[in-house]
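# Summary of the model geometry
Residue-level listing of the chains:
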Amino acid sequence: MKSIKKIFLLLLVAFIIAQFFGPEKNMGDLTSVEPFLTETNPPEHVKAILEETCYDCHSSHTRYPWYSDFTPVNYWMAGHVNDGKKHLDFSAWDSYSNKKKDHKFEELIEMVEAKDMPLESYTITHKAARLSDADIDSVKEWAEHVRIKFTLLPQPE
C-alpha cells in the first residue's frame, strides 16, 4: 500500500509541475482574416458560421476556454490548432496561389458536406459550432460561388 501512495504522490507532484509549462498560445489578431473575408465576401450568416466554427483552429486567433490552461489539455488543443492551420489557415490566405485557394475551397466543401468539420471533439464543448443542414447548405453555396472566381482567374504556369 505504501508503494501505491508513493506512486500517487509522485504523479501528483509531476502533474502540478507540468502546470507551469505549456505550448505557446495561438493569440494573433483576429483582423488577420480580413484579406480572406475581403476576397471571398461571405454573407453575414456564413461569416458568423466561419467565426464560430472555423477560426479557432484555422486562423492565427484562437478563443481559449478556461480548461485550456491545464496540462495536458493545452498540448492536446495546441496539436489540434497546429494541425488545423497546416490544412487551412485563413490568416495566411494572401500567401496562397489562386490554384491553392480553389483547392482549399474544394476541400472545405467536401469536409463540411461530409460533416467531418467542425470536428466532433470541438462541437462537444462548443455547442454553437454544430452546423445545421441549412448552415451546411449556406456554406456550400457560398463556397461553390467563390470557387468559380478562382477557376476563372489566370493560374501561374
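Placed above this text is the structure.
Below, the structure is looked at part by part.

Reading the values: the criteria
Residues numbered from 1 in each chain as written. Predicted model: local features only at pLDDT ≥ 70, side-chain atom pairs only at ≥ 80, totals over all residues. Heavy atoms only, no water. Helix = DSSP H or I, 4+ residues; strand = E, 2+ residues; numbered from the N terminus. Rg over C-alpha atoms; globule rule 2.2 N^0.38 Å. Buried < 20%, exposed > 50% of the residue type's maximum accessible area, 1.4 Å probe, protein only. Contact = heavy atoms within 4.5 Å. Areas by Shrake-Rupley, 256 points an atom, 1.4 Å probe, with all protein chains shown as cover. Lys, Arg positive; Asp, Glu negative; His and termini not counted. Charge placed at Lys NZ, Arg CZ, Asp CG, Glu CD. Phe/Tyr/Trp six-rings, centres within 6.5 Å; stacked < 30°, edge-to-face > 60°. Expected span 1.5 Å × (residues − 1). Arc of directions from axis to C-beta. Axes fitted to C-alpha atoms, helices over the stretch in contact; angles between N-to-C directions. Parallel < 35°, antiparallel > 145°, perpendicular 65-115°, else oblique. Left-handed = near helix turned anticlockwise from the far one by under 90°. Nonpolar A, V, L, I, M, F, W, Y, C, P; charged D, E, K, R; others polar.

### As for the overall build of the protein
When helices and strands are counted, the protein shows eight helices and zero strands. In sequence order, the secondary structure elements of the protein are arranged as α-α-α-α-α-α-α-α. For the protein, the C-alpha radius of gyration of 20 Å lies well beyond 15 Å, the compact-globule estimate for 157 residues. The principal-axis extent of the C-alpha atoms belonging to the protein is close to 70 × 35 × 25 Å. For the protein, with 157 residues in total, the buried portion stands at 33%. When contacts within the protein are restricted to residue pairs at least 6 apart in sequence, long-range pairs at least 24 apart make up 75% of them. Here the protein displays about 10,200 Å² of accessible surface, and carbon together with sulfur accounts for 62% of that area. Across the protein, the 18 positively charged side chains and the 25 negatively charged ones have centroids separated by 11 Å.

### Here's the deal with the packing of aromatic side chains
In this structure the tally under the stated criterion is twelve aromatic pairs. Each ring, one from W93 and one from F105, has its centre 5.7 Å from the other, and the planes form 80°; the classification is edge-to-face. Taken as a pair, W93 in the loop between α5 (73-87) and α6 (98-113) and F105 in helix α6 lie far apart in primary sequence, twelve residues in all. Judged by relative accessible area, which is 1%, W93 ranks as buried. Residue F105 is classed as buried on the basis of its relative accessible area of 2%. In this structure an aromatic cluster arises from ring pairing among F36, Y55, F90, W93, Y96, F105, W142 and F150.

### Some remarks on α5
Because each turn of an α-helix spans 3.6 residues, side chains separated by three or four positions end up pointing in the same direction. With 15 residues, α5 should cover 21 Å at 1.5 Å per step; its first-to-last C-alpha distance of 21 Å lies within 8% of that length. Regarding α5, the residues found buried are N74, M77, A78, V81 and G84. Within α5, the buried residues cover an arc of 130° as seen down the axis, which keeps them to one side. Opposite the buried face of α5, by more than 90 degrees, sit the exposed residues N82 and K86.

### Quick look at the packing of α6 against helix α8 (residues 133-152)
At a minimum axis distance of 9 Å, the contact between α6 and α8 shows a crossing angle of 160°. By the angle between their axes, α6 is roughly antiparallel relative to α8. Classified by chirality, the crossing of α8 by α6 is left-handed. Here N98, K101, D102, F105, E106, L108, I109, V112 and E113 of α6 lie close against α8, whose contacting residues are I136, V139, K140, W142, A143, E144, V146, R147, F150 and T151. Looking at the contact of α6 with α8, its residues break down into ten nonpolar, two polar and seven charged.

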